[in-house]
Amino acid sequence: GSGSGSGSDSESGSDSGSASDSDSDSDSHLSSVSPGALLNQSGAFDGSLPTMVELTVGMRVEARYGEGDDFFSGTVEAMNDDGTCNIEYDDGDAESNKPRRSLRLKGETVQRPLEVGQVVDCACEHMDSQVIEGRILAIDKPNYQIEFALKDGQVVVETCTRDFIFGDWCMPP
């Protein structure tokens with residue numbers, strides 16, 4: 001099951017009287033951080049991210065086709081019990097059982113931070129850099145150790161950098 005994130009909208013009201021003699025209390029507002037400041041160099045957010053939008057039939061998405069790393073426009077044709085989707089591409093192609101991490105909505109420009117144990121899609125050198133499912137074994141930035149269970153039963157472990165890994169897409173906060 002997917003955990004539903006409960007966002008707290010509690011605002012801390014500062015109605016307490018200020019003991020300073022200053023006429024202007026404007027400098028107290030400078031401490032609020034603009035959302036853009038949370039972006040680090042790689043385009044990933046350091047702060048907590050909103051929950052991913054749940055996809056439904058008829059939604060317009062961009063999907064990574066096959067084992068490639070290019071996104072193409074399409075429509076969600078069906079939702080499967082395991083959480084994957086069937087996609088009908090604008091060019092007439094179709095794919096079944098696409099995991100959410102291979103799909104993004106318009107505006108979903110950032111990926112959630114990666115964690116050890118997370119299932120991701122990653123370029124696998126052993127498979128001629130096809131983007132396939134793997135699991136994060138260890139993180140020692142900038143390196144990520146990824147375990148791939150290949151179709152022939154073989155298990156390979158490779159070290160990748162973040163730009164070869166696809167995690168979960170979500171909207172910027």
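Refer to the preceding data block for the structure.
Below, the structure is looked at part by part. None of the values given here were measured: they were computed from a predicted structure.

## Topic: the packing of aromatic side chains
Line of reasoning, step 1. For the structure shown, the criterion picks out three aromatic pairs.
Line of reasoning, step 2. Between the aromatic rings of Tyr65 and Tyr89, the centroid separation amounts to 5.4 Å while the plane-to-plane angle is 75°, which identifies the pairing as edge-to-face. Residue Tyr65 is located in the loop between β1 (60-64) and β2 (71-79), and its partner Tyr89 is located in strand β3 (residues 85-89); the two are separated by 24 residues in the primary sequence.
Line of reasoning, step 3. Given the relative accessible area of 37%, Tyr65 is considered partly exposed.
Line of reasoning, step 4. Judged by centre distance (5.7 Å) and plane angle (90°), the ring pair of Phe71 and Trp169 falls under edge-to-face. Linking Phe71 in strand β2 with Trp169 in strand β12 (residues 169-170), this pair joins segments that are 98 residues apart in sequence.

## Here's the deal with the layout of surface pockets
Line of reasoning, step 1. Of the pockets and cavities examined, the largest pocket occupies roughly 540 Å³.
Line of reasoning, step 2. Taken together, 25 residues form the lining of the largest pocket, with Glu67, Asp121, Val131, Ile132 and Glu133 sitting closest to its centre.
Line of reasoning, step 3. Mapped by element, the contributors of at least two residues to the lining of the largest pocket are β4 (94-98), β7 (119-124), β8 (130-140) and β9 (143-149).
Line of reasoning, step 4. Ranked by the residues each element gives to the lining of the largest pocket, the list is headed by β8, at six residues.
Line of reasoning, step 5. Tallied by class, the residues present in the lining of the largest pocket amount to nine nonpolar, six polar and ten charged.

Conventions used here
Residues numbered from 1 in each chain as written. Predicted model: local features only at pLDDT ≥ 70, side-chain atom pairs only at ≥ 80, totals over all residues. Heavy atoms only, no water. Phe/Tyr/Trp six-rings, centres within 6.5 Å; stacked < 30°, edge-to-face > 60°. Helix = DSSP H or I, 4+ residues; strand = E, 2+ residues; numbered from the N terminus. Buried < 20%, exposed > 50% of the residue type's maximum accessible area, 1.4 Å probe, protein only. 1 Å grid on protein atoms, 1.4 Å probe; cavity = no way out; pocket = protein on both sides within 12 Å on 5 of 7 lines; lining within 4 Å. Points joined across faces, edges and corners; volume = space filled by probe spheres on them. Nonpolar A, V, L, I, M, F, W, Y, C, P; charged D, E, K, R; others polar.

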